[in-house]
Amino acid sequence: MADWQQLSTRIGNVAPSATLAVDSKAKAMKAAGLDVIGFGAGEPNFPTPDYIVDAAAAACRDPRNHRYTPTAGLPELRQAIADKTLRDSGYAVDPAQVVVTNGGKQAVYETFQVLLDDGDEVIIPAPYWTSYPEAVKLAGGVPVEVFAGAERGFEPDIDAIEQARTAKTKAIVVNTPSNPTGAVWSKDTITAIGKWALEHHIWVISDEIYEHLHYDDASVSYIGACVPELRDQLLVLNGVAKTYAMTGWRVGWMVAPAPVAKAVSTLQGHLSSNVSNVSQRAALAAVGGPLDAVATMRAAFDVRRKAIVAALNAVDGIICPTPTGAFYAFANVQALLGRPVGPEGTVCATSADFAAALLDQAHVAAVPGEAFGAPGYLRFSYALADDQLAEGMRRLAAWVG
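From a predicted model like this one, the values you see are computed outputs, not experimental measurements.

A.B. asks: Break down the sheet that holds strand S13 (residues 367-368) for me, citing the residues and quoting the values.
C.D. replies: The three strands lie next to each other as S9-S14-S13, forming an open sheet whose pairing is antiparallel. Looking along the sheet, the strands with just one partner apiece sit at the ends: strand S9 (328-332) and S13. The pairing of S9 with strand S14 (residues 377-381) spans five bridges and is classified as antiparallel. Residue pairing across strands places asparagine 332 opposite tyrosine 377, the latter belonging to S14. In this fold helix H13 (residues 351-362) packs onto S13 and S14, with an angle of close to 45° to the strand it touches most, S14.

A.B. asks: Explain helix H2 (residues 18-31) to me, using residue names and the numbers behind them.
C.D. replies: Think of an α-helix as turning once every 3.6 residues; residues three or four places apart then point the same way. Taking 1.5 Å per residue, 14 residues should reach 20 Å; H2 reaches 20 Å between its end C-alpha atoms and fits that length. Thr19, Val22, Asp23, Ala26 and Met29 are the residues of H2 that are buried. Projection of H2 onto a plane perpendicular to its axis shows the buried side chains occupying an angular sector of 125°, all on one side. The secondary structure elements touched by the buried residues of H2 are H13, strand S12 (364-365), S13 and S14. Downstream of H2 by a residue or two, glycine 33 has a phi angle that is positive, lying close to 100°.

A.B. asks: Report on the packing of aromatic side chains, specifying residues and quantitative values.
C.D. replies: Overall, the coordinates contain twelve aromatic pairs when judged by the stated rule. When the ring of phenylalanine 154 is compared with that of phenylalanine 330, the centres are 5.7 Å apart and the planes differ by 75°; the resulting orientation is edge-to-face. Linking phenylalanine 154 in the loop between strand S4 (142-147) and helix H7 (158-164) with phenylalanine 330 in strand S9, this pair joins segments that are 176 residues apart in sequence. Ring geometry for tyrosine 210 versus tyrosine 328: centroids 5.7 Å apart, planes at 75°, classification edge-to-face. Placement of tyrosine 210 in the loop between strand S6 (203-207) and helix H9 (223-226) and of tyrosine 328 in strand S9 is noted, with a sequence separation of 118 residues between them. Among the residues examined, tyrosine 328 registers a relative accessible area of 1% and is labelled buried.

A.B. asks: Explain the pairing of S6 residue by residue, including any values.
C.D. replies: Of all five residues that make up S6, four are buried, and the element is covered over most of its length. As defined by bridge partners, strand S5 (residues 169-175) adjoins S6 across five bridges and the pair is classed as parallel. Directly across from alanine 171, in S6, lies its bridge partner tryptophan 203. By the bridge criterion, four bridges tie S6 to strand S7 (residues 234-239) in an arrangement that is parallel. Bridge pairing in S7 links isoleucine 205 to leucine 235.

A.B. asks: Tell me what's going on with a nonpolar patch on the surface, and back it up with residues and numbers.
C.D. replies: Nonpolar side chains collect at one region of the surface, where Met1, Leu7 and Ile11 lie side by side and expose about 360 Å² of accessible area between them. Within the element layout of this structure, leucine 7 appears in the segment before helix H1 (9-12).

A.B. asks: So, helix H14 (residues 386-400): which residues are in play, and what are the values?
C.D. replies: Look at H14: 21 Å from first C-alpha to last across 15 residues, which is about the 21 Å you get at 1.5 Å a residue. Of the residues making up H14, those classed as buried are Leu389, Gly392, Met393, Arg395, Leu396, Trp399 and Val400. For H14, the angular spread of buried residues about the axis comes to 160°, placing them on one side. Across H14 from its buried face, at more than 90 degrees, point the exposed residues Asp387 and Ala398. Contact partners of the buried residues in H14: strand S1 (37-38), helix H12 (292-313), strand S10 (340-341), H13, S12 and S14.

A.B. asks: Describe the pattern of salt bridges, listing the residues and the values that go with them.
C.D. replies: All told, the structure shown has 16 salt bridges when counted by the stated rule. A salt bridge links arginine 304 to aspartate 386; the nearest nitrogen and oxygen atoms lie 3.3 Å apart. Taken together, the residues span a long stretch of sequence, with arginine 304 in helix H12 and aspartate 386 in helix H14 at a distance of 82 residues. What makes arginine 304 buried here is its relative accessible area of 5%.

A.B. asks: Please set out the sheet that holds S7 residue by residue, giving values where relevant.
C.D. replies: Strand order in the open sheet formed by seven strands is S2-S8-S7-S6-S5-S3-S4, with mixed pairing between adjacent strands. Taken across any chain shown, the strands that pair with only one partner, and hence form the sheet edges, are strand S2 (98-101) and S4. For this sheet, the mean inter-axis angle between neighbouring strands, taken without regard to orientation, is 20°. Most of the contacts of helix H4 (residues 75-89) go to S2, to which it runs at about 115°, and overall it touches S2, S7 and strand S8 (252-255). Against the sheet, helix H8 (residues 187-200) touches strand S3 (121-126), S5 and S6, its axis set at about 165° to S5.

A.B. asks: Please give an account of the environment of cysteine 226 that cites residues and values.
C.D. replies: Mapped onto the elements of the fold, cysteine 226 is located in helix H9. In this structure, the C-alpha to C-alpha distance between cysteine 226 and isoleucine 190, residues 36 residues apart in sequence, is 7.4 Å. In this structure cysteine 226 touches Lys187, Ile190, Thr191 and Ser221, once residues within four positions along its chain are discounted.

Reading guide: rules and limits
Residues numbered from 1 in each chain as written. Predicted model: local features only at pLDDT ≥ 70, side-chain atom pairs only at ≥ 80, totals over all residues. Heavy atoms only, no water. Pairing = 2+ DSSP bridges. Helix = DSSP H or I, 4+ residues; strand = E, 2+ residues; numbered from the N terminus. Contact = heavy atoms within 4.5 Å. Axes fitted to C-alpha atoms, helices over the stretch in contact; angles between N-to-C directions. Expected span 1.5 Å × (residues − 1). Buried < 20%, exposed > 50% of the residue type's maximum accessible area, 1.4 Å probe, protein only. Arc of directions from axis to C-beta. Phe/Tyr/Trp six-rings, centres within 6.5 Å; stacked < 30°, edge-to-face > 60°. Patch = residues over 30% accessible without salt bridge, like charges linked within 9 Å, V, L, I, M, F, W, Y side chains within 5 Å. Areas by Shrake-Rupley, 256 points an atom, 1.4 Å probe, with all protein chains shown as cover. Salt bridge = Lys/Arg side-chain N within 4 Å of Asp/Glu carboxyl O.

In structure tokens:
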């Protein structure tokens, strides 16, 4: 490219999505005729429940859905999300506080666009979802990582968070149940973060998209319920993708203080206008309906969770804590780095190298920990069919061994 054709510095500072990159490569290999087992994308393998699909089919034939609708979302969907917040989170919000977005990622992007000025810092507990720091950078902000390892159950320490705070700290991200670790943070930790943010006048962005996926004795604590006085500086991000197996429908939302919701709606009006009306009608059926299908999927995930953790820990050199939420196993592979693995005796210096060799040689796709601020780990999504999971783990064990 000529000098005058150079792209913006801002986009040059942003890394591609590692999870989508792994998934795209795996799909390309499949298209080329290779038998690839994909543990990369966080996508339930279940179909969207029938009653939701039926609502969308009916919506296609309703002329109301063939036109522009309010940028912030269909009024009845915003009301349903407010009702759902009361049902699940335990506190009331006004529908005017709700903005419906094109998937959860748009809610994340818009959050930082309306909150941050150049140089503002956002504390992001690590391991973190790969898109958080990139969305912060796109808004001119500075991501500040605070790492918590397996010895803490991947649960952040409030003292470490306080040490990371500066005069430029504008916000903190909370994500529980967590992607990529599957950790469910305790009520004590959630409460401590809320009180800390309140004391220091810091925005809290709570990503609750995995709220209904928790196992054993783990229970999800909602920061807006734990610290009610925080709600004037709290943005809750959510969506239908994980709970209802609706990743392709692209419906997320934000619940925020009214001035923030208004600002986000203004931004969205110039960015994308309203979300597809058919998808919104499907989301209305999901959010306003029962959680029976969710319980069925969660039971299947639980079986796979136990199977993948057992299989990973059976491989010499891999250590995998048992996750209590979401549908990810976060495995420590540091003992396998720097030594020959696979039939070709490949020596991997990093977990990124390990993931690349695993995909190329064993045709097993996992996401390296570098994408999540945790080098030395691999993330395996267990939201895939049982037979695929078993075959993928067999390949991994045979390749390493």
